[in-house]
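Survey of secondary and tertiary structure
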Amino acid sequence: MDSLENQLLIAMPALGDPYFNKTVTYICEHNEEGAMGLIINLPVNLNLKELLSQLDDEKEKLSKEREEHIEVQNEHTDKLQQRVLSGGPVSQERGFVLHTPQSCWTSSLSLSNDIMITTSKDILLALGTSEAPTDYMVTLGYAGWGPGQLEEELKTNSWLTTPADKDILFNTPIEQRWKKATEKLGIDMAHLSPDIGHA
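Another aspect to go through is the pattern of salt bridges. In this structure the tally under the stated criterion is five salt bridges. Here K79 makes a salt bridge to D135, at a shortest N to O gap of 3.5 Å. Of this pair, K79 sits in the loop between α3 (74-77) and β5 (83-86) while D135 sits in the loop between α4 (121-126) and β9 (136-145), and the two are 56 residues apart along the sequence. Overall, K79 belongs to the partly exposed group, its relative accessible area being 28%.

What follows is the structure, encoded as C-alpha coordinates:
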(Lines give C-alpha, C1' and ligand atoms only; values in the text may rest on other atoms or scores of the structure.)
Protein backbone atom coordinates (compact mmCIF):
# COMPACT_ATOMS: atom_id res chain seq x y z
CA MET A 1 0.00 0.00 0.00
CA ASP A 2 1.17 3.53 -0.75
CA SER A 3 2.07 5.73 2.18
CA LEU A 4 -0.84 7.64 3.67
CA GLU A 5 1.36 10.51 4.89
CA ASN A 6 -0.31 13.89 4.42
CA GLN A 7 -3.74 12.25 4.13
CA LEU A 8 -6.82 12.70 6.27
CA LEU A 9 -8.15 9.55 7.87
CA ILE A 10 -11.92 9.77 8.28
CA ALA A 11 -13.61 7.50 10.84
CA MET A 12 -16.45 5.46 9.36
CA PRO A 13 -19.65 4.50 11.20
CA ALA A 14 -18.28 0.91 11.19
CA LEU A 15 -15.39 1.90 13.46
CA GLY A 16 -16.21 0.43 16.86
CA ASP A 17 -13.80 2.46 19.01
CA PRO A 18 -15.79 5.22 20.77
CA TYR A 19 -12.63 7.33 21.17
CA PHE A 20 -12.36 7.69 17.41
CA ASN A 21 -16.09 8.17 16.72
CA LYS A 22 -16.50 10.74 13.90
CA THR A 23 -12.85 11.74 14.09
CA VAL A 24 -10.60 13.09 11.36
CA THR A 25 -6.91 12.26 11.77
CA TYR A 26 -4.06 13.91 9.92
CA ILE A 27 -1.46 11.22 9.10
CA CYS A 28 2.05 12.53 9.83
CA GLU A 29 3.96 9.31 9.27
CA HIS A 30 3.17 5.97 7.61
CA ASN A 31 5.69 3.30 6.69
CA GLU A 32 6.44 -0.39 7.25
CA GLU A 33 6.93 0.29 10.97
CA GLY A 34 3.39 1.64 11.41
CA ALA A 35 1.64 4.99 11.35
CA MET A 36 1.31 8.11 13.49
CA GLY A 37 -1.29 10.84 13.20
CA LEU A 38 -3.01 13.70 15.01
CA ILE A 39 -6.78 13.87 15.50
CA ILE A 40 -7.87 17.33 14.34
CA ASN A 41 -11.46 17.49 15.60
CA LEU A 42 -11.45 16.28 19.21
CA PRO A 43 -11.24 19.37 21.46
CA VAL A 44 -10.34 19.21 25.13
CA ASN A 45 -11.73 21.58 27.76
CA LEU A 46 -8.82 23.99 27.44
CA ASN A 47 -7.88 26.84 25.13
CA LEU A 48 -4.37 27.77 24.08
CA LYS A 49 -4.11 30.68 26.48
CA GLU A 50 -4.96 28.40 29.40
CA LEU A 51 -2.52 25.75 28.22
CA LEU A 52 0.33 28.25 27.95
CA SER A 53 -0.38 29.60 31.42
CA GLN A 54 -0.02 26.05 32.78
CA LEU A 55 3.53 25.67 31.54
CA ASP A 56 4.89 26.61 34.93
CA ASP A 57 8.56 26.25 34.10
CA GLU A 58 8.12 28.44 31.04
CA LYS A 59 5.60 30.93 32.41
CA GLU A 60 8.08 33.53 33.61
CA LYS A 61 10.13 33.29 30.43
CA LEU A 62 6.98 33.46 28.35
CA SER A 63 5.83 36.71 29.95
CA LYS A 64 9.28 38.25 29.75
CA GLU A 65 9.78 37.33 26.09
CA ARG A 66 6.43 38.82 25.15
CA GLU A 67 6.90 42.02 27.12
CA GLU A 68 10.47 42.74 26.11
CA HIS A 69 10.87 41.48 22.58
CA ILE A 70 7.55 41.03 20.86
CA GLU A 71 4.76 43.42 20.08
CA VAL A 72 1.58 41.48 20.71
CA GLN A 73 -1.37 42.52 18.58
CA ASN A 74 -5.04 41.61 18.92
CA GLU A 75 -5.06 39.61 15.69
CA HIS A 76 -2.40 37.31 17.17
CA THR A 77 -3.73 37.02 20.71
CA ASP A 78 -7.21 36.17 19.36
CA LYS A 79 -5.77 32.88 18.13
CA LEU A 80 -5.01 31.92 21.72
CA GLN A 81 -8.76 31.47 22.24
CA GLN A 82 -8.73 28.40 19.96
CA ARG A 83 -9.32 25.05 21.66
CA VAL A 84 -6.50 22.64 22.33
CA LEU A 85 -7.14 19.26 20.70
CA SER A 86 -6.67 15.70 21.85
CA GLY A 87 -4.37 14.38 19.14
CA GLY A 88 -4.88 10.79 20.23
CA PRO A 89 -4.68 8.40 23.16
CA VAL A 90 -0.88 7.98 23.14
CA SER A 91 1.50 10.24 25.15
CA GLN A 92 -1.16 12.79 26.07
CA GLU A 93 1.38 14.76 28.08
CA ARG A 94 3.24 15.62 24.85
CA GLY A 95 2.32 18.62 22.73
CA PHE A 96 2.37 18.76 18.94
CA VAL A 97 1.93 21.90 16.86
CA LEU A 98 0.63 21.47 13.32
CA HIS A 99 1.25 24.68 11.41
CA THR A 100 1.88 26.45 8.13
CA PRO A 101 5.56 26.44 7.03
CA GLN A 102 8.08 28.28 9.17
CA SER A 103 11.60 26.95 9.56
CA CYS A 104 12.93 28.68 12.67
CA TRP A 105 12.01 26.11 15.34
CA THR A 106 14.27 23.62 17.10
CA SER A 107 12.37 20.46 16.24
CA SER A 108 10.27 20.71 13.07
CA LEU A 109 9.43 18.34 10.26
CA SER A 110 8.00 19.40 6.93
CA LEU A 111 5.03 17.16 6.06
CA SER A 112 4.02 18.88 2.81
CA ASN A 113 4.44 22.22 1.05
CA ASP A 114 1.64 23.60 3.27
CA ILE A 115 2.07 21.81 6.59
CA MET A 116 4.77 21.30 9.21
CA ILE A 117 4.82 19.69 12.64
CA THR A 118 6.87 21.04 15.54
CA THR A 119 7.34 19.38 18.92
CA SER A 120 9.75 21.81 20.62
CA LYS A 121 8.72 24.31 23.27
CA ASP A 122 10.20 27.30 21.45
CA ILE A 123 7.19 27.47 19.13
CA LEU A 124 4.87 27.62 22.16
CA LEU A 125 6.65 30.76 23.33
CA ALA A 126 5.78 32.43 20.03
CA LEU A 127 2.10 31.49 19.82
CA GLY A 128 -0.12 34.53 20.15
CA THR A 129 2.64 36.86 18.95
CA SER A 130 3.76 38.26 15.61
CA GLU A 131 6.45 35.57 15.50
CA ALA A 132 3.94 32.72 15.35
CA PRO A 133 3.19 30.79 12.15
CA THR A 134 0.27 32.17 10.12
CA ASP A 135 -1.95 29.19 11.00
CA TYR A 136 -1.54 26.57 13.69
CA MET A 137 -3.25 24.09 15.98
CA VAL A 138 -1.99 22.44 19.16
CA THR A 139 -2.73 18.84 20.07
CA LEU A 140 -1.91 16.82 23.16
CA GLY A 141 -1.02 13.22 22.39
CA TYR A 142 -1.19 11.33 19.12
CA ALA A 143 -2.76 8.29 17.49
CA GLY A 144 -0.47 5.38 16.66
CA TRP A 145 -0.74 2.12 14.70
CA GLY A 146 1.64 -0.82 14.69
CA PRO A 147 3.06 -2.45 11.53
CA GLY A 148 0.21 -3.34 9.17
CA GLN A 149 -2.49 -2.33 11.69
CA LEU A 150 -3.80 0.68 9.78
CA GLU A 151 -3.84 -1.30 6.53
CA GLU A 152 -6.00 -3.97 8.19
CA GLU A 153 -8.40 -1.37 9.58
CA LEU A 154 -8.76 0.15 6.11
CA LYS A 155 -9.62 -3.27 4.68
CA THR A 156 -12.44 -3.61 7.22
CA ASN A 157 -13.92 -0.25 6.21
CA SER A 158 -13.06 1.44 9.49
CA TRP A 159 -11.63 4.47 7.69
CA LEU A 160 -11.79 6.45 4.48
CA THR A 161 -8.87 8.56 3.28
CA THR A 162 -8.58 11.81 1.35
CA PRO A 163 -5.61 14.10 0.67
CA ALA A 164 -5.02 16.63 3.46
CA ASP A 165 -6.65 19.99 2.92
CA LYS A 166 -5.16 23.09 4.53
CA ASP A 167 -8.60 24.72 4.55
CA ILE A 168 -10.06 21.87 6.64
CA LEU A 169 -7.09 21.91 9.00
CA PHE A 170 -6.90 25.61 9.72
CA ASN A 171 -10.03 27.40 8.49
CA THR A 172 -12.88 24.99 9.21
CA PRO A 173 -14.51 25.07 12.69
CA ILE A 174 -13.58 21.98 14.72
CA GLU A 175 -17.15 20.62 14.85
CA GLN A 176 -17.48 20.80 11.05
CA ARG A 177 -14.21 19.07 10.07
CA TRP A 178 -15.58 15.49 9.88
CA LYS A 179 -18.51 16.59 7.69
CA LYS A 180 -16.27 18.74 5.47
CA ALA A 181 -13.75 15.92 5.03
CA THR A 182 -16.46 13.43 4.02
CA GLU A 183 -17.93 15.97 1.59
CA LYS A 184 -14.53 16.12 -0.11
CA LEU A 185 -15.11 12.47 -1.03
CA GLY A 186 -18.58 13.24 -2.38
CA ILE A 187 -20.18 11.04 0.27
CA ASP A 188 -23.22 11.75 2.43
CA MET A 189 -22.41 9.85 5.61
CA ALA A 190 -26.07 9.89 6.64
CA HIS A 191 -26.70 7.27 3.97
CA LEU A 192 -23.99 4.92 5.18
CA SER A 193 -24.82 1.90 7.28
CA PRO A 194 -22.51 0.94 10.15
CA ASP A 195 -22.26 -2.46 8.39
CA ILE A 196 -20.91 -1.06 5.13
CA GLY A 197 -18.84 -3.56 3.21
CA HIS A 198 -20.15 -6.58 5.10
CA ALA A 199 -23.35 -7.25 3.16
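Right, picking up where we left off after that structure.
Bringing the pairing of β9 into the picture now. For β9, the tally of buried residues reaches eight of 10 residues, placing the bulk of the element in the interior. Pairing of strand β3 (residues 34-39) with β9 involves three bridges; the strand directions are antiparallel. Within β9, the position partnered with A35 by the bridge is W145. The pairing of strand β6 (residues 90-99) with β9 spans six bridges and is classified as antiparallel. Bridging from a neighbouring strand, H99 pairs with Y136 of β9.

Glancing now at the nonpolar core. Membership of the largest hydrophobic core comes to 22 residues, with the highest contact counts inside it found for L8, Y26, I40, L98, I117 and L169. Listed by contribution, the elements that provide at least two residues to this core are β1 (7-11), β2 (24-31), β3, β6, α6 (166-170) and α7 (177-184). L52, L55, V84 and Y136 belong to the second largest nonpolar core, which has 17 residues in total.

A word on the confidence of the model for the protein chain. On average, the protein chain scores 84 in pLDDT, and the residues at 70 or more come to 83%. Below a pLDDT of 50 lies the segment residues 68-73, which in the model reaches 10 contacts outside its immediate sequence neighbourhood of four places, other chains included.

Tracing the backbone shows Q92 in strand β6. The sequence separation of Q92 and L140 amounts to 48 residues, and the corresponding C-alpha distance is 5.0 Å. A polar contact of 3.2 Å, which involves the side chain of Q92, links it to the side chain of Y19. Here G88 takes part through its backbone oxygen, which lies 3.0 Å from a polar atom of the side chain of Q92.

All of the buried residues along α7 are R177, W178, A181 and T182. Down the axis of α7, the sector holding all buried residues measures 130 degrees, keeping them to one side. On its buried face, α7 sits against β1, β2, β5, β9, β10 (159-163) and α6. With its phi angle positive at about 75 degrees, G186 sits one or two positions after the end of α7.

Turning next to the environment of L160. Position of L160 relative to the elements: it lies in strand β10. The class of L160 is partly exposed, set by a relative accessible area of 22%.

A word on the packing of aromatic side chains. By the definition in use, this model includes four aromatic pairs. For the ring pair Y19 and F20, a centre distance of 5.3 Å and an interplane angle of 65 degrees mean the geometry is edge-to-face. Under the relative-accessibility criterion, Y19 is labelled partly exposed at 26%. A connected cluster of aromatic rings, assembled from ring pairs, spans Y19, F20, W145 and W159.

Thresholds, definitions, all that
Residues numbered from 1 in each chain as written. Predicted model: local features only at pLDDT ≥ 70, side-chain atom pairs only at ≥ 80, totals over all residues. Heavy atoms only, no water. Salt bridge = Lys/Arg side-chain N within 4 Å of Asp/Glu carboxyl O. Helix = DSSP H or I, 4+ residues; strand = E, 2+ residues; numbered from the N terminus. Buried < 20%, exposed > 50% of the residue type's maximum accessible area, 1.4 Å probe, protein only. Pairing = 2+ DSSP bridges. Core = buried A, V, L, I, M, F, W, Y, C linked by side-chain atoms within 4.5 Å. pLDDT = per-residue confidence, 0-100. Contact = heavy atoms within 4.5 Å. Polar contact = N/O pair within 3.5 Å; in protein donor to acceptor, adjacent residues only side chain to side chain. Arc of directions from axis to C-beta. Phe/Tyr/Trp six-rings, centres within 6.5 Å; stacked < 30°, edge-to-face > 60°.

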